[in-house]
Amino acid sequence: MVFVLTGCGGHPKDVLTPVADTSPKSTKVNLLIMTTRSRSAVPGEMFNGERALTPAFADITVSIPPESVRKKGEVSWPKRLPSNPATDFATLKADDLNIDEAKRWLSASVRKSPDHSVLVFVHGFNNRFEDSVYRFAQIVQDSSVHSAPVLVTWPSRGSLLAYGYDRESTNYTRNALETLFQYLARDPEVKEVSILAHSMGNWLALESLRQMAIRNGRLPAKFKNVMLAAPDVDVDVFSQQIVDIGKQHPQFTLFVSRDDRALAVSRRVWGNVSRLGAIDPEQSPYKEELEINKINVIDLTKVKEGDRLHHSKFAESPEIVRLIGSRISEGQTLTDNTVGLGDHILDATVGSAAAAGHAVGLILTAPVAVVDQNSRHNYADHLAALASNGQPARTAATACEAGRRAQNCRP
């Protein structure tokens, strides 16, 4: 578990309090945010992991230090606050928008785009609001994409113990994302739409596209690209989603990696059914289905960049993120030949606790609450839920004793 959690929560939180622009060499990336998260009262957090009744919008500008300080694919989190724009990712602006202001932001940004295009990014599991903002800013910068960047961020609690909650939050956000897609389809200024989704965010993106296709009869021609990075999606369900989306669909590009440890655990959690992001695209029946549906596949198994779970290669490999930009901005087809190849999920025991809510799972995951700050914040909530479900108090107390070093838990 310590191995799984390495690198989680090692940087300051709540980094979205704006600082002065003191680094003229840094690049500024301006993002439009649409979120179904609740507003936060914590300074610098802006939105938390709980669900809002209606979508909200924001205008955020992120300062990114030059490549002499930061290598491509890397988010340079500050070691302390306030952030230093010369060496860190730093927030220069974080303004709330109403829906009319968001429409004006989008219109102005689309007019600046050479091809009047929009890039929509949907993040994955275990992402705080600031994680999704800084990751998308990094992708926009490193891909050199010229599209208007729109981040869709759904209510993730940013905890390894909240897999079930996060999954249901993607379902909660389907209608809001479809509404955004429908608006982009109707907007005459928008000539082209690309979608990039990661991990659990692929479920949200595919379900929203499916809803839209069923409602409208087909997807609009301006929806050109859908890039599925490490999708945490059941392969059988994906086959049905593609059928429902219809023959007139965007160019799908699938990023897979057979060494993705996060998806290997997810497979065990979801009944040992293969996850789309971990298939071998050369094996039947996947090869034939991909060919029939004209889905491009990029096999990243041999790519060494990325986190230790091999789950974020699409964003952390400089070559891959550059090629994503080429696909969006120049329409280049992504293939293995082009690439030149020859959202931390929980451990199995953590998955059992998150998916089933068993007391035994909580006992096993108590050490996680010691190591991972976000999990520690949520540990007491899990115990409370356990008690409310009628589990014996004695068992819950045992779990609490196992996690006694987690400060939010009292034996």
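Everything that follows concerns the structure shown earlier in this document.
The sections below set out a description of the structure shown in this document. Not measured: the values here are computed from a predicted model. Sequence order as written defines the numbering, with residues in each chain counted from 1. Totals for whole chains, interfaces and linings use every residue, but because this is a predicted model, local features are given only for residues with pLDDT of at least 70 and side-chain atom pairs only at 80 or more, for both listing and counting. The basis for every side-chain value is the complete set of non-hydrogen atoms in the structure, without hydrogens or water.

This brings us to the nonpolar core. By nonpolar core we mean a set of buried residues, namely Ala, Val, Leu, Ile, Met, Phe, Trp, Tyr and Cys, connected to one another through side-chain atoms within 4.5 Å. Using a 1.4 Å probe on the protein chains alone, a residue whose accessible area is under 20% of its type maximum counts as buried, one over 50% counts as exposed, and one in between counts as partly exposed. Residues Leu 106, Val 118, Val 120, Ile 195 and Leu 254 are the most contacted members of the largest nonpolar core, which totals 51 residues. Helix and strand assignments follow DSSP, with helices taken as H or I runs no shorter than four residues and strands as E runs no shorter than two, numbered in order from the N terminus. Top element by residues in this core is helix H5 (residues 201-216). It accounts for seven residues. Dropping the residues within four chain positions of it, Leu 254 is found in contact with Leu 228, Pro 231, Leu 276, Ile 279, Leu 290, Ile 295, Asn 296, Val 297 and Ile 298. Judged by nonpolar contacts, the second largest core, of 33 residues, contains Val 15, Trp 77, Val 145 and Met 227. In this analysis, two residues are considered to be in contact whenever any of their non-hydrogen atoms come within 4.5 Å of each other.

All right, on to the packing of helix H4 (residues 163-186) against H5 then. The interhelical angle for the contact between H4 and H5, taken along N-to-C directions, is 50°, at an axis separation of 8 Å. By the angle class used here, H4 and H5 are oblique. For the crossing formed where H4 meets H5, the hand is right-handed. Each of Arg 167, Thr 170, Asn 171, Thr 173, Arg 174, Asn 175, Leu 177, Glu 178, Phe 181, Gln 182 and Ala 185 in H4 lies in contact with H5, whose residues at this interface are Trp 203, Leu 204, Ala 205, Glu 207, Ser 208, Leu 209, Gln 211, Met 212, Arg 215 and Asn 216. Lines fitted to the C-alpha atoms define the axes, with helices restricted to the stretch that makes contact. Angles between their N-to-C directions range from 0 to 180 degrees. Angles are sorted into four bins: roughly parallel if under 35 degrees, roughly antiparallel if over 145, roughly perpendicular if 65 to 115, and oblique for all others. Crossing chirality is assigned from the near helix's rotation relative to the far helix, an anticlockwise turn below a right angle marking it left-handed and a clockwise turn marking it right-handed.

The next point concerns the environment of Leu 219. Its place among the elements puts Leu 219 in the loop between H5 and strand S7 (223-229). Leaving out residues up to four positions away in the same chain, Leu 219 has contacts with Leu 209, Met 212, Ala 213, Ile 245, Gln 248 and Pro 250.

So, on to H4. Since one α-helical turn is 3.6 residues long, residues separated by three or four positions face the same way. To estimate the expected span of a helix, count its residues, drop one, and scale the result by 1.5 Å. For H4, spanning 24 residues, the distance from its first C-alpha to its last is 35 Å, which sits close to the expected 34 Å at 1.5 Å a residue. Bending of H4 peaks at approximately 40° at the position of Thr 173. Bending is quantified residue by residue as the angle between axes fitted to the seven-residue window ending at that residue and the seven-residue window starting at it.

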